[in-house]
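What follows is the residue order along each chain.
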Amino acid sequence: MAAALELAPVASSSSRPLVYHHSLLNKCDDQVTPLFNDDGPWEIKKKLKKSDVGKLSRLLLPRGMVEKHIFRYWDEERVQRWLDDIDGYPMKVMEFDTLKVHELVFKNWKSNNSYVLQGEWISKFVKPMGLEVDDEIGMFYDSTSDRFVFKLLKKHV
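Presented here is an overview of the structure given in this document. This structure is a prediction, so every number in the text was calculated from the model and none was measured.

## Focus on the overall build of the chain
Phase 1 of the analysis: A tally of regular secondary structure across the chain gives four helices and nine strands.
Phase 2 of the analysis: Secondary structure of the chain in N-to-C order comes out as β-β-β-α-β-α-α-β-β-β-α-β-β.
Phase 3 of the analysis: For the chain, the residues scored as buried account for 40% of the 157 residues in total.
Phase 4 of the analysis: Residue pairs in contact within the chain that sit at least 24 positions apart in sequence constitute 55% of those at least 6 positions apart.

Pasting the structure below:
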């Protein structure tokens, strides 16, 4: 069983537009996408650091989490091609609450022994969402759409 993000109509009338809600729905296929548990499907969780919300416009992702929760969906050839590519891999990232999709660059940052999302991280996520140091974010890889799904889980107070 896998889950896929889908829009489903919940109300309509001739005088009102359709109202949609988004949720993860179970589907049978050969892929495995995280299902909601008590904490949701957020397999990659992180408290943001100063470097994640600063001028460098990049989000560091813990190596172990990426290898465990993303690479398991990719075949060995894709993983190796990505690891060897110094320019990174364009990756769509969808913000769960708004359904906005942006493209960032997913890279292997060899000098820091980690992985990173770069590009318009600050302008598309940090500033519009008001992300700050110690906010907790969550992500998972949606294998059916080949993208990350991102959510602000907890705002630091």
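There's more to say after this.
## Notes on the nonpolar core
Phase 1 of the analysis: With 29 residues, the main nonpolar core has W74, F106 and W121 as its most contacted residues.
Phase 2 of the analysis: Going through the elements one at a time, strand 4 (58-61), helix 3 (76-84), strand 5 (89-95), strand 6 (101-109), strand 7 (114-118), helix 4 (121-129), strand 8 (136-142) and strand 9 (147-154) are the ones with two or more residues in this core.
Phase 3 of the analysis: For this core, the element with the highest residue contribution is helix 4, accounting for four residues.
Phase 4 of the analysis: The next biggest cluster of nonpolar side chains, apart from the first, holds five residues, and it includes W42, M94, F140 and V149.

## Here we look at unusual backbone geometry
Phase 1 of the analysis: The phi torsion at S57 lies on the positive side, around 50°, for a residue other than glycine.
Phase 2 of the analysis: For S57, a relative accessible area of 15% gives the class buried.
Phase 3 of the analysis: In this model, D146 sits at a positive phi of 50°, which is unusual for a non-glycine residue.
Phase 4 of the analysis: Assignment of secondary structure puts D146 in the loop between strand 8 and strand 9.

## A closer look at the environment of I44
Phase 1 of the analysis: Locating I44 in the fold gives a position in strand 3 (residues 44-47).
Phase 2 of the analysis: Taking relative accessible area as the criterion, I44 reaches 3% and is therefore assigned buried.
Phase 3 of the analysis: Along the sequence, I44 and I137 sit 93 residues apart, while their C-alpha atoms lie 8.2 Å from each other.

## Quick notes on the pairing of strand 4
Phase 1 of the analysis: Neither face of strand 4 is left uncovered, since the one carrying R58 and L60 and the one carrying L59 and L61 both have all their residues buried.
Phase 2 of the analysis: Bridge count for strand 4 against strand 7 is four bridges, and the pairing is antiparallel. The partner of L60 across the bridge, within strand 7, is V116.

Conventions used here
Residues numbered from 1 in each chain as written. Predicted model: local features only at pLDDT ≥ 70, side-chain atom pairs only at ≥ 80, totals over all residues. Heavy atoms only, no water. Helix = DSSP H or I, 4+ residues; strand = E, 2+ residues; numbered from the N terminus. Buried < 20%, exposed > 50% of the residue type's maximum accessible area, 1.4 Å probe, protein only. Contact = heavy atoms within 4.5 Å. Core = buried A, V, L, I, M, F, W, Y, C linked by side-chain atoms within 4.5 Å. Pairing = 2+ DSSP bridges.

None of the figures reported here should be taken as evidence of function without further support.
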